[in-house]
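# Fold and geometry: a report
The residues making up each chain are set out below.
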Amino acid sequence: MRIAPLSLLISASLFASSAFAQDTATVTGIESEISIKQAEYDNATQILEKHLKEESQLQSQLDLLRTRSTELDKEKNQALDAMNEMYRRLIDDPTIDISAAQARYQQAVVDHKQNKDDIAMQLAAIASHRKDIEQIRVAKHTQLNTLESLKEQLTTARVERLRNEFTREGTLEVNHTINCKRTETLAACEQRGQQMGLQKATKRFVDQIFANLTEERLVEPKRNMAGAQVQVLSSHVVNSAFSGQGNYNVNLSVTMRGDVNSSRLCNLLSVDNRYCSEYGTPLTATYQTRYDTTFTDSQLTFSDGQDNANVSVSRLSEQPIRDYSVKPMSTVNTQVVDSNKMIEFTLRSNVYDDEVFIDGVSFGSTRLATTLPSGIHDVEVRKQGYKPYRVRVDLRKPQTIHAKLVKKPESIAAPTYTSEQRNTTSVTSAAIGNAAADVVVVPAGKFEMGDINGNGLANERPVVEKTIANSFAMQNKEVTVGAYQKFVSNTNYKTEAERNRGCAYYLNGEPVWEANLNWRNPGFEQGSDFPAVCLTYNDAKAYADWLSGQTGQQYRLPNEVEWEYAARAGTKTEYPWGNEIGKNLANCGWCGSEWSNKSASPTGSFAPNAFGLYDTVGNVWEWTHKSAEQADVTVRGGAWNFAPSLARASTRLILAPDFRANYIGFRLVRER
């Protein structure tokens, strides 16, 4: 007899099949490629270390040559003086032999010239070595990004393999015997026996699936929350019989297919939930950046019996949390707690061309709208010819203050201007952008700088505690194309990309130079609110110097300590919202935004960190300040075409000052 097809959904698992060997081959192939790229990267690291050591030796030799040059110069002068003295004596006594003095001077001249030639050769050798080092570093960055990209592919392939292993089909034969009850008919006993046989088949199917998972050791401990199911596609009785003792025996052949709540795959593999987003991760609705993106089993509850079940977070981590809720750009509010809470602060005054100081930091002129950390702030408004306006503000909620400045007695106050007069001023906010409104106060404090969580590169270690003694002002967004255009229009400045060789971009994982690429045309469509890219360190400094001259305030690139402190914004995690990149929280490669691996995004497209800074994760790498003795410069923050692991707060890439690419820009700090 034949049983009608059933759709029996119960808890289940997966078993291996040769039909899915391709999944394992894909994972194995990526793992093999990672091994090759890792070896190449390690080899490049060794070569770079060797070149750096050789450069250090060449520099030491150069220092010795320069020291010797001073000594030889002194010897030449002394030999010349001695020879001149012999010539004076020769006038009085023609019999004096001056050949020794001549020979000494001649040798001194030869030695001095040879040393100068040696110095020139040494400088040429160092310059050549420096070019090699720069090329190796760029190659290393490429290899590193490729390596991290392969790791992204590997995780995606692992998730896909597990999904396929959970959703494969198979046929099992089971034999089951039951005792018929005295009160039931033979037909009822037969139906009950076949039903129990089906349950036995599905249980065995589940066991085989889990037993044959490629990553069974990792998944098995979480079996109870896998959300796996089995669908009975068809079944038929191979044979059946009743015994004289009232037993019923049935042999069933059952064809089944596994099914799984695909959104749970990431939790089973202990990877970021973003890898499962294409399967409709239930975290989409409830995920907030304040939560950790890796949950324990007890933190999640699922509703069974659905392909795309909803997930609710039953409890949060016991650790302190910060709220970095992602909201539409039109309604972005930075919600943080305690002293790190950012509050809107607006200041107006009755005069024009004044200057506002908050906690000793200049914020430009009124009307001023900015955000400040919750707490007490000292506000001062100054204008020549007027008495300073001072007030202490206890900022707990958004406030607007109207400052009324009073003229000093018997003084000629600087004039106030009408709107028409303001438009005729040589330098206006329209000419340079509203720089004051584009900065936020970064409060003083201490932090741990470097690879806190052990996921970083060698140049991020050791972790060092740093102190920011004074608050400082930093541009809350990267310098935009529109802002850089104003600088160029005002100065006719030509960037290094426009003067020579163009700008680099990535092609098949390699940086390629394109002569016609520059900040105006970086190789992707951009608007005036996009970050300015294809700029060298010197191009960024030139803009900072110009802005300083236009505003009368000192702007410069942030040093690495300032940059990382501002980017961390009081956290110790890899990103402002946690240790996982999440999905669509930043513009970096494979980060799930509409710009990822395509182009930079408009500045401020994502929620700011606790200090009110945008795009400290991804979008474009940012130049930092270098000291005079440093040959190279560090860029920070990651970029739209670099892996998420390279957008961590502590990641450092070291480049030559004249390098430029369509994934490197900058932002500035303003001196007190």
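First things first, this report covers the structure right here in the doc. (Residues numbered from 1 in each chain as written. Predicted model: local features only at pLDDT ≥ 70, side-chain atom pairs only at ≥ 80, totals over all residues. Heavy atoms only, no water.)

### A few points about the overall build of the protein
Filter applied, for reference: The way it works is that DSSP assigns letters per residue, a run of H or I at least four long becomes a helix, a run of E at least two long becomes a strand, and they are numbered from the N terminus. Relative accessible area decides the class of each residue, using a 1.4 Å probe on protein chains only: under 20% of the type maximum gives buried, over 50% gives exposed, and in between gives partly exposed. Between two residues, a contact is recorded if the distance between any of their heavy atoms is within 4.5 Å. We get accessible surface area from the Shrake-Rupley algorithm with a probe of 1.4 Å; when it comes to residues, only the shown protein chains can shield them.
Per the secondary structure count, the protein includes 12 helices and 25 strands. Burial analysis of the protein (672 residues in total) assigns 49% to the buried set. Put simply, 70% of the contacts in the protein that link residues at least 6 apart link residues at least 24 apart. With the model as given, the accessible surface of the protein reaches about 32400 Å², and the carbon-plus-sulfur share is 48%.

### Thoughts on helix α3 (residues 186–211)
To keep it simple, the criterion reads: Take the number of residues in a helix, subtract one, and multiply by 1.5 Å to get its expected span.
The first and last C-alpha atoms of α3 sit 37 Å apart over 26 residues, in line with the 38 Å expected at 1.5 Å per residue. Looking at α3, one finds that the buried residues are C189, E190, G193, Q194, G197, L198, A201, T202, F205, V206, I209 and F210.

### Concerning the nonpolar core
Where we set the bar: We call a set of buried residues a nonpolar core when its members are Ala, Val, Leu, Ile, Met, Phe, Trp, Tyr or Cys and they connect through side-chain atoms within 4.5 Å of each other.
Residues Y484, Y543, W621, W623, Y663, I664 and F666 are the most contacted members of the largest nonpolar core, which totals 46 residues. At seven residues, helix α11 (residues 537–551) tops the list of elements feeding residues into this core. Grouped together as the second largest cluster of nonpolar side chains are 33 residues, V174, Y248, M256 and C276 included.

### Some details on the state of the cysteines
Rules: Working definition: a disulfide is two cysteine sulfur atoms within 2.5 Å of each other.
For the coordinates displayed, the defined rule picks out four disulfides. Disulfide pairing is shown between C266 and C276; the S-S distance is 2.1 Å. The chirality of the disulfide connecting C266 with C276 is right-handed, given an S-S dihedral of about 110°. Taken as a pair, C266 in helix α5 (residues 265–269) and C276 in the loop between α5 and α6 (283–286) lie far apart in primary sequence, 10 residues in all. The residues C266 and C276 share a single accessibility class, namely buried. Between C588 and C591 runs a disulfide, and the two sulfur atoms are separated by 1.6 Å. The chirality of the disulfide connecting C588 with C591 is left-handed, given an S-S dihedral of about -65°. With a relative accessible area of 0%, C588 lands in the buried category. For the protein, numbering the cysteines in disulfides from first to last along the sequence yields the connectivity 1-2, 3-4, 5-6, 7-8.

### What to know about helix α9 (residues 481–491)
Working note: α-helix, 3.6 residues per turn, so residues spaced by three or four point in the same direction. Those residues of α9 lying buried are V481, G482, A483, Y484, F487 and V488. Among the structural elements, α11 are those in contact with the buried residues of α9. Downstream of α9 by a residue or two, N492 has a phi angle that is positive, lying close to 60°.

### Let's talk about the sheet that holds strand β13 (residues 399–403)
The following threshold applies: At least two DSSP bridges between two strands are required for those strands to pair. What counts as an axis is a line fitted to C-alpha atoms, over the stretch in contact for a helix, and the angles between N-to-C directions run from 0 to 180 degrees.
Taking strand neighbours across the sheet as the criterion, the three strands line up as β10-β7-β13 in an open arrangement whose pairing is mixed. The open sheet has two free edges, formed respectively by β10 (368–373) and β13, since each of these has just one partner strand. Taken over all neighbouring pairs, the strand axes of this sheet differ in orientation by 30° on average, direction set aside. Pairing geometry for strand β7 (residues 342–349) and β13, over five bridges, is parallel. For T346, the partnering residue across the bridge sits in β13 and is T400.

### What about the sheet that holds strand β14 (residues 439–442)?
Pairing is antiparallel in the open sheet, where four strands are placed in the order β14-β17-β25-β20. Either end of the sheet is taken by a strand with one partner, and the two such strands are β14 and β20 (555–556). Relative to strand β17 (residues 472–475), β14 is paired through four bridges, and the arrangement is antiparallel. Across the sheet, V440 pairs through a bridge with M474, a residue of β17. The sheet strands contacting helix α12 (residues 560–568) are β14, β17, β20 and β25 (669–670), and the helix crosses β17 at an angle near 75°.

### Focus: the pairing of strand β2 (residues 169–179)
Only one face of β2 is covered, namely the one carrying G170, L172, V174, H176 and I178; the face carrying E169, T171, E173, N175, T177 and N179 has none of its residues buried. The pairing of β2 with strand β4 (residues 247–260) spans 11 bridges and is classified as antiparallel. Note that in β4 the partner of E173 across the bridge is S253.

### Here's the deal with the packing of α9 against α11
Quick note on the threshold: Any angle from 65 to 115 degrees is called roughly perpendicular, while one under 35 is roughly parallel, one over 145 is roughly antiparallel, and all others are oblique.
The interhelical angle for the contact between α9 and α11, taken along N-to-C directions, is 75°, at an axis separation of 10 Å. Considered as vectors, α9 and α11 are oriented roughly perpendicular to each other. Only D539, A542, Y543, W546 and Q550 of α11 make contact with α9, whose side of the interface consists of A483, Y484, K486, F487, N490 and T491.

### Observations concerning the side chain of N518
Inclusion rule: Any pair of nitrogen or oxygen atoms within 3.5 Å is treated as a polar contact; in protein, a donor-acceptor pairing is required on top of that, and neighbouring residues in sequence qualify only through side-chain atoms on both sides.
Within the secondary structure, N518 sits in the loop between β19 (510–514) and α11. Among the polar contacts made by the side chain of N518, one reaches the main-chain amide nitrogen of R520 at a distance of 2.8 Å.

By themselves, these figures tell us nothing about what the structure is for.
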